[in-house]
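# Summary of structural features
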Amino acid sequence: MSDLTDLDHLARAVDLATANVTDGGGPFGAVLRRADGGLVEGVNQVTTAHDPTAHAEVMAIRTACAQRETHELPGAVLYASCEPCPMCLATALWARVDRVVFAAGRDDAARAGFDDATFHEYFETPGHHRLLPTEQTRTVQAIAPFEAWRAHERRIAY
């Protein structure tokens with residue numbers, strides 16, 4: 001196990017974020033410490049990869065999962081240069097990350113032009129569907145994929 005502390009990992013995430021700006025990416029970096037102590041880094045590649053999901057935290061989680069050939073990272077800690085957006089938090093939840101530690105807050109990001117407040121509010125406010133209208137249109141075959149899933153003997157639960 002490494003002697004590095006939360007502060008050391010946060011400092012690395014901030015350094016990655018700062019360097020990423022020079023490389024044409026967004027000012028966000030992440031370090032994921034796996035349960036075995038291994039470290040995986042990620043930087044924001046939204047504009048360089050033309051991928052709105054290529055946030056630093058997501059990139060670190062994707063890499064760690066690919067390295068381990070798994071979709072879950074129990075025991076992992078995610079260190080982010082800035083407070084994760086709802087997508088990144090959801091990704092950490094799906095990956096079963098144990099803890100998230102971040103340096104700058106959402107207000108700091110907003111002052112730099114990255115205002116995720118609308119997205120945070122979307123999930124925090126009743127009646128949030130005005131931002132992104134959603135509706136259910138139930139079809140005859142709506143649950144067929146779930147029936148197939150339950151019947152599949154070799155499914156991998158997640």
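Residues numbered from 1 in each chain as written. Predicted model: local features only at pLDDT ≥ 70, side-chain atom pairs only at ≥ 80, totals over all residues. Heavy atoms only, no water.

## Some points on the side chain of His-55
Note the cut-off: Secondary structure counts use DSSP, requiring at least four H or I residues in a row for a helix and at least two E residues in a row for a strand, with both numbered from the N terminus. The contact criterion used is simple: two residues touch if any of their non-hydrogen atoms lie within 4.5 Å.
Residue placement: His-55 occurs in the loop between helix H2 (46–49) and helix H3 (56–68). Setting aside residues no more than four positions away along its own chain, His-55 makes contact with Val-43, Asn-44, Val-46, Cys-85, Met-87 and Cys-88.

## Some thoughts on a nonpolar patch on the surface
Selection criterion: Residues with no salt bridge and a relative accessible area higher than 30% make up the patches, which join like charges within 9 Å and nonpolar side chains (Val, Leu, Ile, Met, Phe, Trp, Tyr) within 5 Å. Computed with the Shrake-Rupley method and a 1.4 Å probe, the accessible areas treat only the protein chains shown as cover for residues. Should a side-chain nitrogen of Lys or Arg be within 4 Å of a carboxyl oxygen of Asp or Glu, the pair is scored as a salt bridge.
Together, Trp-94, Trp-149 and Tyr-158 make up an exposed nonpolar region whose accessible area comes to about 410 Å². On the secondary structure map, Tyr-158 appears in the segment after helix H7 (144–151).

## Some thoughts on unusual backbone geometry
Note the following rule: Burial here depends on accessible area, computed with a 1.4 Å probe over protein chains only, as a share of the maximum for the residue type. Under 20% is buried, over 50% is exposed, and the range in between is partly exposed.
Residue His-50 is not a glycine yet carries a positive backbone phi of 55°. For His-50, the position within the fold is in the loop between H2 and H3. By relative accessible area, His-50 is classed as exposed at 71%. The backbone of Glu-69 sits at a positive phi, close to 50°, despite the residue not being glycine. Take Glu-69: it is sitting in the loop between H3 and strand E3 (77–82).

## With respect to the nonpolar core
Applicable threshold: Each nonpolar core is a collection of buried residues, namely Ala, Val, Leu, Ile, Met, Phe, Trp, Tyr and Cys, held together in the definition by side-chain atoms within 4.5 Å.
Formed by 17 residues in total, the largest nonpolar core has its most connected members in Leu-32, Ile-61, Leu-73, Leu-78 and Val-97. For this core, the secondary-structure elements that each account for two or more residues are strand E1 (29–33), H3 and E3. Examining the composition of this core, we find that five residues originate from one element, H3, more than from any other. With residues near it in sequence (within four places) discarded, Leu-78 still touches Ala-30, Val-31, Leu-32, Glu-57, Ile-61, Ala-92, Val-97, Arg-99, Val-100 and Val-101. If you look at the next biggest cluster of nonpolar residues, it comprises eight residues, including Leu-10, Ala-13, Val-43 and Tyr-79.

## As for helix H1 (residues 6–22)
In plain terms, the rule: Any helix carries an expected span of 1.5 Å times its number of residues minus one.
Under the 1.5 Å per step criterion, the end-to-end length of H1 is 25 Å for 17 residues, consistent within 8% with the ideal 24 Å. On its buried side, H1 packs onto E1, strand E2 (39–43), E3 and strand E4 (99–104). Positive backbone phi, approximately 90°, marks Gly-24, located one or two places after H1.

## Some words on the sheet that holds E1
So the rule is basically this: Between any two strands, at least two bridges found by DSSP are needed for them to pair. Note on geometry: axes are C-alpha line fits, over the in-contact stretch for helices, and angles between N-to-C directions span 0 to 180 degrees.
Taking strand neighbours across the sheet as the criterion, the four strands line up as E2-E1-E3-E4 in an open arrangement whose pairing is mixed. Looking along the sheet, the strands with just one partner apiece sit at the ends: E2 and E4. Ignoring strand direction, the axes of neighbouring strands in this sheet form an average angle of 15°. Contacting E1, E2, E3 and E4, H1 crosses the sheet at an angle of about 145° to E1. Contacts between H3 and the sheet are confined to E1, E2 and E3, with E2 contributing the most and set at about 140° to the helix.

## Some remarks on the pairing of E2
The sheet contact formed by E1 and E2 spans five bridges and is antiparallel. Of the residues in E2, the one forming a bridge with Leu-32 is Val-40. The turn linking E1 back onto E2 is made up of five residues, and Gly-37 within it adopts a positive phi angle of 90°.

## Brief notes about the UniProt feature "domain: CMP/dCMP-type deaminase" (unreviewed entry) in the protein
As a reminder of what qualifies: UniProt positions are given in the numbering used here, feature names are shortened, and annotations may be inferred rather than shown by experiment.
Taken from the UniProt record, the annotation "domain: CMP/dCMP-type deaminase" (unreviewed entry) applies to residues 4–117. The span residues 4–117 is 44% helix and 19% strand, and its two end C-alpha atoms sit 32 Å from each other.

## Re the layout of surface pockets
Under the convention used in this document: Here the term cavity refers to a set of points on a 1 Å grid, laid over the protein atoms alone, in which a 1.4 Å probe fits but cannot get out; the term pocket refers to an open set having protein on both sides within 12 Å along at least five of seven lines, with lining residues being those that place an atom within 4 Å of a point. Grid points are joined across faces, edges and corners, and a volume is the space filled by probe spheres set on the points. Under this grouping Gly is polar, as are all residues other than the nonpolar Ala, Val, Leu, Ile, Met, Phe, Trp, Tyr, Cys and Pro and the charged Asp, Glu, Lys and Arg.
Computed from the structure, the largest pocket encloses a volume of approximately 350 Å³. Those elements that place two or more of their residues in the lining of the largest pocket are H2, H3, helix H4 (86–94) and helix H6 (117–124). Residue contributions to the lining of the largest pocket peak at three residues, all from H4. Its residues assigned to classes, the lining of the largest pocket shows 13 nonpolar, four polar and three charged.

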